[in-house]
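# Notes for the structure review
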Amino acid sequence: KVVVGDQDGVVTCFGIKKGEAVPVFKTLPGQKISRLELGGALNTPQEKIFVAIGSEVRGFTKKGKQFLSFETNLTESIKAMHISGADLFLCASYVYNHYCDCKDQHYFLSGDKINDVLCLPVEKVNCITPVLACQDRVLRVLQGSDLLYEVEVPGPPTVLALSNGNGGDSGEEIVYGTSDGKLGLTQITGSTPVHKWEIANEKKRGGILCLDSFDILGDGVKELLVGRDDGMIEVYAFETADDPVLRYDYALSESIASIQGGCVGKDGYDEILAATYSGWLTGLTTEPVHREGGSGEELKLSQEMQNKISSLRNELEQLQMKVLQEREKYQQSSQSSTAVSSVPAFSVNEKFTLNRDDASYSLILEVQTAIDNVLVQSDVPVDLLDVDKNSAVVSFSSCDSEPNSNFLLATYRCQANTTRLELKIRSIEGQYGTLQAYVTPRIQPKTCQVHQYQIKPLSLHQRTHSIDHDRPMNTLMLKGQFSFAEIHSWVVFSLPEVPEKTPAGESITFYFQNTFLGTQLESTYRKGEGYFKSDNISTISILKDVLSKEATKRKINLSISYDVNEESVRHTLKLIHPKLEYQQLLAKKVHLIDALRELQVHEGNVDFLLPKYRSILEEADQLLEEYKRQPAHLERLYG
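What you see is a predicted model, and the numbers here were worked out from it, not measured in a lab.

## Some remarks on the overall build of the protein
When its secondary structure is counted, the protein shows 9 helices and 41 strands. Its C-alpha atoms give the protein a radius of gyration of 28 Å, near enough to 26 Å, the size a compact globule of 639 residues would have. Projected onto its principal axes, the C-alpha positions of the protein cover 75 × 75 × 70 Å. Residues classed as buried in the protein amount to 46% of the 639 residues present. Sequence separation of at least 24 residues holds for 52% of the intrachain contacts in the protein that already meet a minimum separation of 6. Summed over its atoms, the accessible surface of the protein is roughly 33800 Å², and 51% of this surface lies on carbon and sulfur atoms. Distance from the positive charge centre (66 side chains) to the negative charge centre (86 side chains) of the protein: 3 Å.

## Structural notes on the packing of aromatic side chains
A complete count under the given rule lists 10 aromatic pairs for this structure. Ring centres of Tyr432 and Phe493 lie 5.6 Å apart, and the angle between their planes is 85°; this geometry places the pair in the edge-to-face category. Taken as a pair, Tyr432 in the loop between β33 (420-427) and β34 (433-441) and Phe493 in helix α4 (residues 484-494) lie far apart in primary sequence, 61 residues in all. On the basis of relative accessible area, Tyr432 is assigned to the partly exposed category, the value being 27%.

## With respect to the sheet that holds strand β3 (residues 20-26)
The sheet built from 3 strands is open, its strands ordered β1-β2-β3 with antiparallel pairing. With partners counted over all chains shown, the strands left at the sheet margins are β1 (2-5) and β3, one partner each. Direction aside, the axes of adjacent strands within the sheet are offset by 30° on average. Alignment of β1 against strand β2 (residues 11-17), held across 4 bridges, turns out to be antiparallel. Its bridge partner lying in β2, Val3 is registered against Cys13.

## A short note on the pairing of strand β18 (residues 183-188)
Taking burial as the measure, the 6 residues of β18 include 6 buried ones, the bulk of the element. Burial along β18 is two-sided: Leu183, Leu185 and Gln187 and Gly184, Thr186 and Ile188, pointing in opposite directions, are all buried. Note: strand β17 (residues 173-178) against β18, 5 bridges, orientation antiparallel. Bridge pairing links Ile174 to Thr186 in β18. Where β17 hands over to β18, the hairpin turn is made up of 4 residues, of which Gly181 adopts a positive phi near 85°. In the sheet, β18 pairs with strand β19 (residues 193-199) via 6 bridges, with the strands oriented antiparallel. Along β19, the bridge assignment pairs Leu183 with Ile199.

## Examining the nonpolar core
The biggest cluster of nonpolar side chains holds 33 residues, and the ones touching the most others in it are Leu363, Leu365, Val374, Tyr412 and Leu421. The contacts of Leu365, once residues within four sequence positions are left out, are Val348, Asn349, Glu350, Ile371, Val374, Thr419, Arg420, Leu421, Ala437, Val439 and Tyr453. Counting 25 residues, the second-largest nonpolar core is a separate cluster that includes Phe484, Phe512, Tyr525 and Leu547.

## Considering unusual backbone geometry
Across residues other than glycine, the phi torsion is negative in most instances, and most of the peptide bonds are trans. The phi dihedral of Arg137 is positive, around 65°, even though this residue is not glycine. By the secondary structure assignment, Arg137 is in the loop between β13 (130-134) and β14 (138-143). The phi angle at Asn164 is positive, at roughly 65°, despite the residue not being glycine. With respect to the helices and strands, Asn164 occurs in the loop between β16 (157-162) and β17.

## Let's talk about the domain arrangement of the protein
Domain annotation of the protein identifies domain 1 (2-203), domain 2 (204-286), domain 3 (365-454), domain 4 (461-564) and domain 5 (574-638). Here domain 1 and domain 5 have C-alpha centroids that lie 51 Å from each other.

## Notes on α4
Along α4, the positions that sit buried rather than exposed are Phe484, Ile487, His488, Trp490, Val491, Val492 and Ser494. Contact partners of the buried residues in α4: β37 (474-480), β38 (507-514), β39 (520-526), β40 (529-534), α5 (537-553) and β41 (558-563).

## Here's the deal with the layout of surface pockets
Reported here for the second largest pocket is a volume of approximately 510 Å³. Along the walls of the second largest pocket sit 24 residues, with Leu517, Asn536, Ser538, Arg636 and Gly639 positioned nearest its centre. Looking at the lining of the second largest pocket, the elements with two or more residues in it are β33, α5, α6 (566-603) and α9 (633-638). Here the residues of the lining of the second largest pocket sort into 11 nonpolar, 8 polar and 5 charged.

## Details of a nonpolar patch on the surface
A cluster of nonpolar side chains, namely Ile537, Tyr562, Val564, Val569 and Leu573, defines an oily patch on the protein surface of about 430 Å² accessible area. Turning to its location among the elements, Leu573 is positioned in helix α6.

## Considering the packing of helix α7 (residues 611-618) against helix α8 (residues 620-629)
Think of two packed helices as two axes; the pair is described by the angle between the axes and how far apart they sit. Interhelical geometry of α7 versus α8 gives an angle of 70° and a closest axis separation of 4 Å. Of the possible angle classes, the one that applies to α7 and α8 is roughly perpendicular. Seen from α7, the contacting residues are Ile616, Leu617 and Glu618; seen from α8, they are Ala620, Gln622 and Leu623.

## Describing the sheet that holds β18
Taken together, the 4 strands give an open sheet; going across it, the order is β16-β17-β18-β19, and neighbouring strands pair in antiparallel fashion. The two strands at the open ends of the sheet, each matched to only one other strand, are β16 and β19. This sheet shows a mean twist of 25° between the axes of neighbouring strands, independent of strand direction.

## Quick word on the packing of α6 against α7
The geometry of α6 relative to α7 is characterised by a closest axis approach of 9 Å and an angle of 95° between their N-to-C directions. In terms of orientation, α6 lies roughly perpendicular with respect to α7. Counting all contacts with α6, which are made through Lys589, Leu592, Ile593, Leu596, Arg597 and Gln600, the residues of α7 involved are Tyr613, Ile616 and Leu617. Residues of the contact of α6 with α7, tallied by class, amount to 6 nonpolar, 1 polar and 2 charged.

## Remarks on the pattern of salt bridges
Opposite charge on two side chains lets them pair, provided their charged atoms get close. All chains considered together, the criterion is met by 27 salt bridges. One salt bridge in this structure joins Lys62 and Glu47, with 3.6 Å as the shortest N-O distance. Of this pair, Lys62 sits in the loop between β6 (56-60) and β7 (66-71) while Glu47 is found in the loop between β4 (33-39) and β5 (48-53), placing the two residues 15 residues apart along the sequence. The exposure class assigned to Lys62 is partly exposed, which follows from its relative accessible area of 43%. Since its relative accessible area comes to 38%, Glu47 is described here as partly exposed. One salt bridge connects Lys204 with Asp357, and the closest N-O pair in it is separated by 3.9 Å. Of the two residues, Lys204 is situated in the loop between β19 and β20 (208-214) and Asp357 in the loop between β27 (348-355) and β28 (360-367); the sequence distance between them amounts to 153 residues. Neither residue differs from the other here; Lys204 and Asp357 are each classed as exposed. One network of salt bridges, with partners in common, ties together Arg205, Arg228, Glu234 and Asp249.

About the cut-offs
- Residues numbered from 1 in each chain as written.
- Predicted model: local features only at pLDDT ≥ 70, side-chain atom pairs only at ≥ 80, totals over all residues.
- Heavy atoms only, no water.
- Helix = DSSP H or I, 4+ residues; strand = E, 2+ residues; numbered from the N terminus.
- Rg over C-alpha atoms; globule rule 2.2 N^0.38 Å.
- Buried < 20%, exposed > 50% of the residue type's maximum accessible area, 1.4 Å probe, protein only.
- Contact = heavy atoms within 4.5 Å.
- Areas by Shrake-Rupley, 256 points an atom, 1.4 Å probe, with all protein chains shown as cover.
- Lys, Arg positive; Asp, Glu negative; His and termini not counted.
- Charge placed at Lys NZ, Arg CZ, Asp CG, Glu CD.
- Phe/Tyr/Trp six-rings, centres within 6.5 Å; stacked < 30°, edge-to-face > 60°.
- Pairing = 2+ DSSP bridges.
- Axes fitted to C-alpha atoms, helices over the stretch in contact; angles between N-to-C directions.
- Core = buried A, V, L, I, M, F, W, Y, C linked by side-chain atoms within 4.5 Å.
- Domains from an automatic or database assignment.
- 1 Å grid on protein atoms, 1.4 Å probe; cavity = no way out; pocket = protein on both sides within 12 Å on 5 of 7 lines; lining within 4 Å.
- Points joined across faces, edges and corners; volume = space filled by probe spheres on them.
- Nonpolar A, V, L, I, M, F, W, Y, C, P; charged D, E, K, R; others polar.
- Patch = residues over 30% accessible without salt bridge, like charges linked within 9 Å, V, L, I, M, F, W, Y side chains within 5 Å.
- Salt bridge = Lys/Arg side-chain N within 4 Å of Asp/Glu carboxyl O.
- Parallel < 35°, antiparallel > 145°, perpendicular 65-115°, else oblique.

So this is what it looks like as structure tokens:
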């Protein structure tokens, strides 16, 4: 049996008989379901269904009877949930709560947003050890209501799972997936974390949204099933005790919201079941599709298949009829004298993140119906970079040259059934403003949603765990009559990946790295004073402008002083030099390609050319591809 919770608040349970879905039960619609977990007494089959809706948790039996409705004391809606026996672990944005038999036990306030929560298996570890996956690239391990320690991970963790489904032999092993597509395994011991393995995102695939452990290959060892936000499903096998190896992958066209292994459609054949963003459930089976036999038999489709195809055809025809009837009904009602125009609501799944590899922003927009077009507008200069997966047709409109108007107007027209669009944008540090995306799906009547994204003054900086303290650093010092909350709000305004909530405590230190140049920034501040250190003097000068502007807005008098390190200028130029050299050489080579190709056509062969020119011809396609991907790279470096 399969149970699904959806955005309309419906819990559906079904089984599959002879290739047809047979419903077991279905609940009534309501608020959207944010989480669904199976639970039950420890060491018994986990067959009670728990769902999180808003700030409430409901429980259903496997027959669909509701046995629990627990209204929590959370002010926000539940974002993450984990169930272990009678223990319930819930997280809203920054808050973690632990309940036992629906009674409040422990509470913790996290320094950054919580994406997922997990508890090590009690039957193995003998104590309750909750682990929170937090946006600031750490796993926070708790004991009661206190922080035991933090585990640094290479990206913002989005999902946690017990290794092997049970925490491994020790019960302490946790697999995490990050929003930039990395996977890792860490052992959470009582005192310190032990990192076991980590898989980088070499193939530049999407962020990880869901994980499951299941023995799909039938070799007695559970594989790791991974679902990503670009529609990739991956199966990792543990061949030796070391790192897992990618054995299979499969691409769907929408982000994978949930993934599970199990036996669903046919006895003896396991399947991977994936739910995607717009509500499709897809099964990948281990059942061989081709029957063994003579060539004659393969041509005749089995009776079962023929029946299936004809029943699908009937279903499609009925749906088409229904759509036509509803459309006519709508046309009539919209033309009658008592017409009410209804604006159809649609939800947009969006992700705007900085990529460390090429210092660009990815904007991913996903709608539950097909997208008709997306208009992108920006009031700051940004470059649109090429995305291979993107099949939409882009056209640019010219912009007014007046100040503070548009710098970018681009329209993406999507093909017939595109539900997901990915754009790549490179911003310029020091130029800040808003990027807007107007999303119009193919639904009648035509409606459009506007989504806004802030481009920060230091937009190409990314949070890191530590920096190199031996570099020559410039320092900017601020003093004035400002509160901790005020200076924190200015830092939030200037830099990405800083939690909106003012941190607990007297003072705070954040470390950043510039993804474009590799320079670094350390910011430490408290009530009445702030220190910003960077090996790049441009970073300091941008910060000085922005911070003094923000303080002037609030009529706060700032005393600003600098400590400029002459050595840092040479150091930063040394960092930029190889990049500049590489890009200049690339530009030169690209300029030569046309002339060399002409020579090749005239002479018929190119043996007489110098080896360096021959290699340019051989690599021409890659060179052009790379040059096209980063159009204004040189200008940005000159800047």
